Amino acid sequence: MTTCLTLNPYRGDVMAEWCQSWATQDGKIHTPVEWDNQTRDKSQGENASGPIQLGADMLDTAIGAATGSVIVFGHGDGAQVASRWLLKYADTSGYSDLKFILTGNPASAATPNGHAPWMSHPTPTSTVGGYPIIDIGRASDGYCRWVPTEQGSMTSGFFSNLSGMLRDHILYDIALESTGAPTSYLSTATVGDAVFYTVD
(Lines give C-alpha, C1' and ligand atoms only; values in the text may rest on other atoms or scores of the structure.)
Protein backbone atom coordinates (compact mmCIF):
# COMPACT_ATOMS: atom_id res chain seq x y z
CA MET A 1 0.00 0.00 0.00
CA THR A 2 1.27 3.44 -0.94
CA THR A 3 0.01 6.63 0.68
CA CYS A 4 0.42 9.81 -1.36
CA LEU A 5 0.39 12.85 0.94
CA THR A 6 -0.33 15.93 -1.15
CA LEU A 7 0.42 19.58 -0.43
CA ASN A 8 -1.55 22.15 -2.40
CA PRO A 9 0.04 25.37 -3.65
CA TYR A 10 -0.92 28.83 -2.44
CA ARG A 11 -4.69 29.26 -2.72
CA GLY A 12 -5.02 26.18 -4.89
CA ASP A 13 -6.87 22.88 -4.61
CA VAL A 14 -5.26 21.07 -7.50
CA MET A 15 -3.15 18.13 -6.36
CA ALA A 16 -5.75 15.45 -7.09
CA GLU A 17 -5.53 16.44 -10.78
CA TRP A 18 -1.90 17.63 -10.80
CA CYS A 19 0.46 16.04 -13.36
CA GLN A 20 -2.44 14.19 -14.98
CA SER A 21 -3.86 12.96 -11.66
CA TRP A 22 -0.65 11.18 -10.65
CA ALA A 23 -1.58 11.18 -6.93
CA THR A 24 -4.52 8.86 -7.59
CA GLN A 25 -2.90 6.49 -10.08
CA ASP A 26 -1.59 2.95 -9.53
CA GLY A 27 -3.69 2.34 -6.45
CA LYS A 28 -2.13 5.12 -4.38
CA ILE A 29 -4.18 6.33 -1.42
CA HIS A 30 -4.47 10.07 -1.99
CA THR A 31 -4.36 11.87 1.37
CA PRO A 32 -4.31 15.70 1.30
CA VAL A 33 -2.45 17.48 4.10
CA GLU A 34 -4.74 20.38 4.96
CA TRP A 35 -2.17 23.05 5.69
CA ASP A 36 -3.08 26.76 5.61
CA ASN A 37 -2.39 27.53 1.95
CA GLN A 38 -4.71 30.54 1.98
CA THR A 39 -2.27 32.79 3.88
CA ARG A 40 0.85 34.08 2.15
CA ASP A 41 3.96 33.25 4.20
CA LYS A 42 6.61 35.90 3.51
CA SER A 43 9.06 34.44 6.04
CA GLN A 44 10.25 31.64 3.71
CA GLY A 45 8.84 29.29 6.31
CA GLU A 46 11.32 30.31 9.00
CA ASN A 47 8.68 31.86 11.25
CA ALA A 48 7.63 29.18 13.73
CA SER A 49 4.06 30.48 13.69
CA GLY A 50 3.88 30.93 9.89
CA PRO A 51 1.78 28.68 7.66
CA ILE A 52 4.69 26.97 5.87
CA GLN A 53 6.42 25.96 9.10
CA LEU A 54 3.12 24.91 10.65
CA GLY A 55 2.42 22.98 7.46
CA ALA A 56 5.74 21.16 7.87
CA ASP A 57 4.70 20.20 11.40
CA MET A 58 1.36 18.93 10.06
CA LEU A 59 3.21 16.97 7.39
CA ASP A 60 5.39 15.39 10.07
CA THR A 61 2.27 14.19 11.88
CA ALA A 62 0.77 12.86 8.64
CA ILE A 63 3.95 10.96 7.70
CA GLY A 64 4.07 9.42 11.16
CA ALA A 65 0.45 8.29 10.93
CA ALA A 66 0.71 6.76 7.45
CA THR A 67 1.29 3.06 6.87
CA GLY A 68 3.24 1.38 4.09
CA SER A 69 5.17 3.36 1.52
CA VAL A 70 4.75 7.14 1.71
CA ILE A 71 5.15 9.65 -1.10
CA VAL A 72 4.99 13.39 -0.42
CA PHE A 73 3.75 15.23 -3.52
CA GLY A 74 3.63 19.03 -3.47
CA HIS A 75 3.63 22.01 -5.79
CA GLY A 76 4.67 25.62 -5.27
CA ASP A 77 4.25 26.65 -1.65
CA GLY A 78 3.17 23.08 -0.96
CA ALA A 79 6.57 21.91 -2.19
CA GLN A 80 8.10 24.53 0.09
CA VAL A 81 6.25 22.94 3.03
CA ALA A 82 7.95 19.66 2.14
CA SER A 83 11.28 21.50 1.92
CA ARG A 84 10.80 22.82 5.44
CA TRP A 85 10.07 19.29 6.64
CA LEU A 86 13.33 18.11 5.08
CA LEU A 87 15.23 20.92 6.76
CA LYS A 88 13.63 20.43 10.16
CA TYR A 89 12.87 16.73 10.49
CA ALA A 90 14.69 14.61 7.91
CA ASP A 91 17.97 14.14 9.75
CA THR A 92 16.35 12.58 12.80
CA SER A 93 13.24 10.92 11.33
CA GLY A 94 14.45 7.48 10.25
CA TYR A 95 11.56 6.39 8.01
CA SER A 96 12.25 3.34 5.85
CA ASP A 97 10.10 4.03 2.77
CA LEU A 98 9.57 7.74 2.14
CA LYS A 99 10.17 9.83 -0.97
CA PHE A 100 9.39 13.34 -2.22
CA ILE A 101 8.03 14.50 -5.60
CA LEU A 102 8.16 18.29 -5.78
CA THR A 103 7.11 20.51 -8.68
CA GLY A 104 7.55 24.24 -9.12
CA ASN A 105 9.40 24.47 -5.82
CA PRO A 106 10.48 28.04 -4.91
CA ALA A 107 13.06 26.41 -2.60
CA SER A 108 14.48 24.14 -5.31
CA ALA A 109 18.22 23.47 -5.00
CA ALA A 110 18.60 22.83 -8.74
CA THR A 111 21.77 24.23 -10.31
CA PRO A 112 22.69 26.35 -12.15
CA ASN A 113 19.11 27.57 -12.47
CA GLY A 114 17.24 26.91 -9.26
CA HIS A 115 15.27 28.58 -6.55
CA ALA A 116 14.07 32.14 -6.75
CA PRO A 117 16.86 34.49 -5.57
CA TRP A 118 15.01 35.67 -2.47
CA MET A 119 14.93 32.12 -1.06
CA SER A 120 17.83 31.73 1.37
CA HIS A 121 17.02 28.17 2.45
CA PRO A 122 16.73 25.79 -0.53
CA THR A 123 15.74 22.16 -0.16
CA PRO A 124 18.69 20.02 0.99
CA THR A 125 20.01 17.65 -1.66
CA SER A 126 21.39 15.17 0.87
CA THR A 127 20.09 14.27 4.30
CA VAL A 128 20.92 11.80 7.02
CA GLY A 129 17.56 10.22 6.27
CA GLY A 130 18.67 9.68 2.69
CA TYR A 131 15.19 10.27 1.32
CA PRO A 132 14.88 10.35 -2.49
CA ILE A 133 13.80 13.73 -3.85
CA ILE A 134 12.50 14.22 -7.39
CA ASP A 135 12.48 17.93 -8.19
CA ILE A 136 10.61 18.90 -11.37
CA GLY A 137 10.62 22.39 -12.79
CA ARG A 138 9.51 23.88 -16.07
CA ALA A 139 12.38 25.63 -17.83
CA SER A 140 10.31 28.81 -17.98
CA ASP A 141 9.07 28.71 -14.36
CA GLY A 142 10.95 31.51 -12.62
CA TYR A 143 9.95 30.23 -9.20
CA CYS A 144 12.08 27.10 -9.49
CA ARG A 145 14.29 27.53 -12.59
CA TRP A 146 15.31 31.15 -12.22
CA VAL A 147 17.75 32.15 -14.94
CA PRO A 148 20.47 34.24 -13.26
CA THR A 149 20.57 37.86 -14.34
CA GLU A 150 22.84 40.72 -13.32
CA GLN A 151 21.70 42.13 -9.99
CA GLY A 152 19.46 45.12 -10.51
CA SER A 153 19.36 44.54 -14.25
CA MET A 154 15.99 44.87 -15.99
CA THR A 155 16.96 42.56 -18.87
CA SER A 156 14.78 40.39 -21.06
CA GLY A 157 15.92 37.42 -18.95
CA PHE A 158 14.63 39.10 -15.82
CA PHE A 159 11.22 39.71 -17.37
CA SER A 160 11.21 36.17 -18.75
CA ASN A 161 11.64 34.87 -15.20
CA LEU A 162 8.72 36.97 -14.00
CA SER A 163 6.43 36.06 -16.88
CA GLY A 164 7.16 32.37 -16.31
CA MET A 165 6.22 32.77 -12.66
CA LEU A 166 2.84 34.16 -13.67
CA ARG A 167 2.15 31.99 -16.72
CA ASP A 168 3.94 28.65 -16.48
CA HIS A 169 4.09 28.03 -12.74
CA ILE A 170 0.38 27.18 -12.71
CA LEU A 171 0.57 24.73 -15.65
CA TYR A 172 2.21 21.37 -14.97
CA ASP A 173 0.11 19.10 -17.15
CA ILE A 174 2.95 16.64 -17.56
CA ALA A 175 2.97 12.86 -17.42
CA LEU A 176 4.94 11.13 -14.68
CA GLU A 177 6.23 7.58 -14.49
CA SER A 178 5.08 5.42 -11.59
CA THR A 179 8.36 6.42 -9.90
CA GLY A 180 7.41 10.10 -10.07
CA ALA A 181 9.97 10.98 -12.73
CA PRO A 182 8.66 12.83 -15.80
CA THR A 183 8.19 10.71 -18.91
CA SER A 184 10.09 13.31 -20.94
CA TYR A 185 12.41 16.13 -19.95
CA LEU A 186 14.91 18.63 -21.31
CA SER A 187 17.70 17.92 -18.83
CA THR A 188 18.43 16.11 -15.60
CA ALA A 189 21.03 16.31 -12.85
CA THR A 190 21.65 14.28 -9.71
CA VAL A 191 23.02 15.85 -6.54
CA GLY A 192 23.16 13.62 -3.48
CA ASP A 193 19.71 12.16 -2.86
CA ALA A 194 17.97 14.58 -5.24
CA VAL A 195 17.30 14.25 -8.95
CA PHE A 196 16.43 17.48 -10.74
CA TYR A 197 14.40 17.36 -13.95
CA THR A 198 13.83 20.40 -16.13
CA VAL A 199 10.81 19.97 -18.40
CA ASP A 200 9.34 22.00 -21.23
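To start, this report covers the structure provided alongside it. (Residues numbered from 1 in each chain as written. Predicted model: local features only at pLDDT ≥ 70, side-chain atom pairs only at ≥ 80, totals over all residues. Heavy atoms only, no water.)

1. Looking at the overall build of the chain
Check the secondary structure of the chain and you find 5 helices and 7 strands. Taken over the C-alpha trace, the chain has a radius of gyration of 16 Å; the compact-globule value for 200 residues is 16 Å, and the two agree within 12%. Principal-axis analysis of the C-alpha atoms gives the chain an extent of 50 × 35 × 30 Å. Here the chain, with 200 residues, has 48% of them falling under the buried criterion. The long-range fraction of contacts in the chain, counting pairs at least 24 apart against all pairs at least 6 apart in sequence, stands at 73%. Of the roughly 9,100 Å² of accessible surface on the chain, a fraction of 53% belongs to carbon and sulfur atoms. (Helix = DSSP H or I, 4+ residues; strand = E, 2+ residues; numbered from the N terminus. Rg over C-alpha atoms; globule rule 2.2 N^0.38 Å. Buried < 20%, exposed > 50% of the residue type's maximum accessible area, 1.4 Å probe, protein only. Contact = heavy atoms within 4.5 Å. Areas by Shrake-Rupley, 256 points an atom, 1.4 Å probe, with all protein chains shown as cover.)

2. Some details on the packing of aromatic side chains
What the rule picks out here adds up to 8 aromatic pairs. Arranged with centres 5.5 Å apart and planes meeting at 35 degrees, the rings of W85 and F100 form a pair that is tilted. Placement of the pair is W85 in helix 3 (residues 77–88) and F100 in strand 4 (residues 98–103), with a sequence separation of 15 residues. Overall, the relative accessible area of 0% leaves W85 in the buried class. (Phe/Tyr/Trp six-rings, centres within 6.5 Å; stacked < 30°, edge-to-face > 60°.)

3. Section: the sheet that holds strand 3 (residues 69–75)
With mixed pairing, 7 strands are arranged side by side in an open sheet as 2-1-3-4-5-7-6. With one partner strand each, in any of the chains shown, strand 2 (29–32) and strand 6 (187–191) form the two edges of the open sheet. When the angles between neighbouring strand axes are averaged without regard to direction, this sheet yields 20 degrees. (Pairing = 2+ DSSP bridges. Axes fitted to C-alpha atoms, helices over the stretch in contact; angles between N-to-C directions.)

4. Brief notes about the side chain of N161
Tracing the chain through its elements places N161 in helix 5 (residues 156–167). We classify N161 as buried; its relative accessible area is 3%. Of note is the side chain of N161, whose polar atom sits 2.9 Å from the backbone oxygen of V147. (Polar contact = N/O pair within 3.5 Å; in protein donor to acceptor, adjacent residues only side chain to side chain.)

5. What about the nonpolar core?
Within the largest apolar cluster, 26 residues are counted, with the highest numbers of intra-cluster contacts made by L7, L59, V72, W85, L98 and F100. Put simply, the parts of the chain that give this core at least two residues each are strand 1 (2–7), helix 2 (51–65), strand 3, helix 3, strand 4 and strand 7 (194–199). The dominant element in this core, judged by the number of residues it contributes, is helix 3, at 5 residues. When neighbours within four sequence positions are excluded, F100 is seen to be in contact with V72, A82, W85, L86, Y131, P132, I133 and I134. By size, the runner-up hydrophobic cluster in this structure holds 18 residues, among which are W22, I71, Y172 and A181. (Core = buried A, V, L, I, M, F, W, Y, C linked by side-chain atoms within 4.5 Å.)

6. A few points about the pairing of strand 6
Sheet topology note: the strand 6/strand 7 ladder contains 5 bridges and is antiparallel. Within strand 7, the position partnered with S187 by the bridge is T198. Here strand 6 hands over to strand 7 after 2 residues, with G192 in that stretch at a positive phi of 60 degrees.

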